[in-house]
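# Examining the three-dimensional arrangement
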Amino acid sequence: PSSPQDKLLFAILQRNAATTFGRDHGFSSIQTIADFQDAVPLSDYEDYNSSIDRIARGEPNILTRDPVTRLVPTSGSTSARKLIPWAAGLQRDVNRAIGAWTNDLFRQNPDLKAGPAYWSVSPAVPETQPADFRVPVGFDDDTDYLAGLAGKVIGGIMAVPPAVRHLADTDTFRFHVLLHLVAARGLRLVSVWHPTFFTLLLDSLPDHWDSIIAALRTGTAPTFLPEPLHHQFQANFRSDPSRAQELDSLDSIRPDTIWPHLQLLSAWGEATSPEVRDLTRRFPNTLFEPKGILATEAFVTIPFRDHHPLALTSHFFEFLDADGHIHLAPELEKSKRYEVVVTTSGGLYRYRLRDQVDVTGFLGNTPCLH
């Protein structure tokens, strides 16, 4: 881990030395990791409030040299909503993690390429945009989060049109997601943030079952959307009388029969958790893959070769032990517990994620975390 971690840290420092934050903390004179730790204190989100306010109102070169293209909302269990700056450098770093994960995913499960997938990357909630903000809040489309080649590849196999996530009414949103999912008989992959998100969708399927079958038979979705949204969704939808006839003989509470080719469920959580058990009970013949440790601020681990190694080419990591001592990735010990500290190309420096992780083992020399 040492070589890619060192290379990544000094690339971040060099690129951002002329920013307000970089000048204030002497990035240009930092020669070692110890210098970096002496110059930059550990930080929390509150330490960035004024900087993010300035970024939101259009000031450049505050935390990063790369222009901030989005402020991505997140909400943890210990604080209100946070707005995380999203810049091109952070996008590249995240794509390295997504690229390794999805490449391994399709290598281990090549049949996933034989049909469409449902990816729900970010929460389907409308975001408020203060009038004086010059930087947009949130992503317009889940594939924007992936961007580049990953976004194009995944966008090309989406079972559900990305615009569905902008439907504010919960019942309307669920109907349109389910309509496109049920139409996709060959669905191969479902990747969602939390298992309960998908189980709640499935719980509402009986209420929409007859309307979905009728829409597939006629090719006309219910007209409860205002224009131009209705026209937009109608343009993405086609009749499928044979699928409608097949569904007439199926049970809406047996999702495993509705999607007989579904091969993989991906969601946050351990296979033993009640939420995951509820999901996998509905698909007894489908593999479940737990996601890695993901936050809006950073990818900490990714699923890879049946392990969850540190995403060491995406961000620079430090780890606090119970006594408050700092450790680098090569210094982690199996079965020990640490708190994650991350430095990213998005302008977070020695940022405490407040996640506690256990070291479960190693993939090569890279620690795997739970």
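Everything that follows concerns the structure shown earlier in this document.
Residues numbered from 1 in each chain as written. Predicted model: local features only at pLDDT ≥ 70, side-chain atom pairs only at ≥ 80, totals over all residues. Heavy atoms only, no water.

## Brief notes about the pairing of strand β7 (residues 316-320)
Counting buried residues along β7, 5 of its 5 residues qualify, which places the element largely inside the surrounding structure. Across the two faces of β7 the burial is the same, with Phe316, Glu318 and Leu320 and Phe317 and Phe319 all buried. Alignment of β7 against strand β9 (residues 337-343), held across 5 bridges, turns out to be antiparallel. Across the sheet, Phe317 pairs through a bridge with Val342, a residue of β9. In the sheet, β7 pairs with strand β8 (residues 326-328) via 3 bridges, with the strands oriented antiparallel. Each bridged residue has a counterpart across the sheet, and for Phe319 the counterpart in β8 is His327. Where β7 hands over to β8, the hairpin turn is made up of 5 residues, of which Gly324 adopts a positive phi near 85°. (Buried < 20%, exposed > 50% of the residue type's maximum accessible area, 1.4 Å probe, protein only. Helix = DSSP H or I, 4+ residues; strand = E, 2+ residues; numbered from the N terminus. Pairing = 2+ DSSP bridges.)

## A word on the sheet that holds strand β6 (residues 287-290)
What the 4 strands build is an open sheet, ordered β3-β4-β5-β6; its pairing is parallel. Each of the sheet's edge strands pairs with one partner strand only, and the pair in question is β3 (117-119) and β6. Each neighbouring strand pair of the sheet contributes to a mean axis angle of 10°, computed without reference to strand direction. Here strand β5 (residues 264-267) pairs with β6 via 4 bridges, running parallel. Across the sheet, the residue bridging to Ser266 is Glu289, located in β6. (Axes fitted to C-alpha atoms, helices over the stretch in contact; angles between N-to-C directions.)

## Quick word on the environment of Leu363
Looking at where Leu363 falls in the secondary structure, it is placed in strand β10 (residues 351-363). When residues no more than four places from it in sequence are discounted, the contact partners of Leu363 are Phe304, His307, Pro309 and Cys368. (Contact = heavy atoms within 4.5 Å.)

## Comments concerning helix α11 (residues 241-248)
Of the positions making up α11, those classed as buried are Arg243, Ala244 and Leu247. Taken end-on, α11 shows its buried residues confined to a sector of 100°, consistent with a single buried face. Away from the buried face of α11 by more than 90 degrees, exposed residues Ser242 and Gln245 are located. (Arc of directions from axis to C-beta.)

Fair warning: the whole summary comes from geometry, so function is off the table for now.
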